[in-house]
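# Architecture at a glance
Single-letter residue listing:
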Amino acid sequence: MASQTIRTVARLVALPEKVDELKSVLVGLIEPTRKEAGCIKYELLQNNADPTDFTFVEEWESDALLDTHLGSEHIQAAIGKLDGLVAVAPEIRRYSLLA
């Protein structure tokens, strides 16, 4: 059986007055992340009904490469900017494709 990719859903909720600032930080992650080894898909979504709600939908070749991404310089820099921009701590969930 071939090894499965890892699917990740990461959700961030902006403080209502900080939507544009958080969006800027998150959009800045797209280009460097898509260039990373193991990145298959990296999409940023914004909820149509609630503009404070952002979600990354990701696909990675392995858990190890996802872990490398999470420790990368651009991700760590972005994490350092979240204080005062988000209403709650980011939620990151890993999934395996079933069907």
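Read on for a plain summary of the structure.

Quick notes on the rules
- Residues numbered from 1 in each chain as written.
- Predicted model: local features only at pLDDT ≥ 70, side-chain atom pairs only at ≥ 80, totals over all residues.
- Heavy atoms only, no water.
- Helix = DSSP H or I, 4+ residues; strand = E, 2+ residues; numbered from the N terminus.
- Rg over C-alpha atoms; globule rule 2.2 N^0.38 Å.
- Expected span 1.5 Å × (residues − 1).
- Contact = heavy atoms within 4.5 Å.
- Salt bridge = Lys/Arg side-chain N within 4 Å of Asp/Glu carboxyl O.
- Buried < 20%, exposed > 50% of the residue type's maximum accessible area, 1.4 Å probe, protein only.

Each helix and strand in the protein was counted, giving three helices and four strands. Counted from the first residue to the last, the protein has its helices and strands arranged as β-α-β-β-α-α-β. In terms of overall dimensions, the protein is globule-like: its C-alpha atoms have a radius of gyration of 14 Å, near the 13 Å expected for 99 residues. C-alpha atoms of the protein, sized along the principal axes, occupy 50 × 30 × 20 Å.

It is worth spelling out helix α1 (residues 19–34) at this point. Look at α1: 23 Å from first C-alpha to last across 16 residues, which is about the 22 Å you get at 1.5 Å a residue. Packed against the buried residues of α1 are β1 (6–13), β2 (39–46), β3 (53–60), α2 (63–70) and α3 (73–81).

Attention shifts here to the pattern of salt bridges. Here the structure, examined in full by the defined rule, presents seven salt bridges. In this structure, the salt-bridge partner of Glu-59 is Arg-7, at a minimum N-O distance of 3.3 Å. Of the two residues, Glu-59 is situated in strand β3 and Arg-7 in strand β1; the sequence distance between them amounts to 52 residues. Here Glu-59 falls in the buried class, since its relative accessible area comes to 13%. Notably, a salt bridge pairs Arg-11 with Asp-53, separated by 2.9 Å at the nearest N-O pair. Taken together, the residues span a long stretch of sequence, with Arg-11 in strand β1 and Asp-53 in strand β3 at a distance of 42 residues. Exposure remark for Arg-11: the relative accessible area of 35% places this residue in the partly exposed category. Of the residues examined, Asp-53 reaches a relative accessible area of 10% and is grouped as buried.

Without other data, these values stay purely geometric and don't point to any function.
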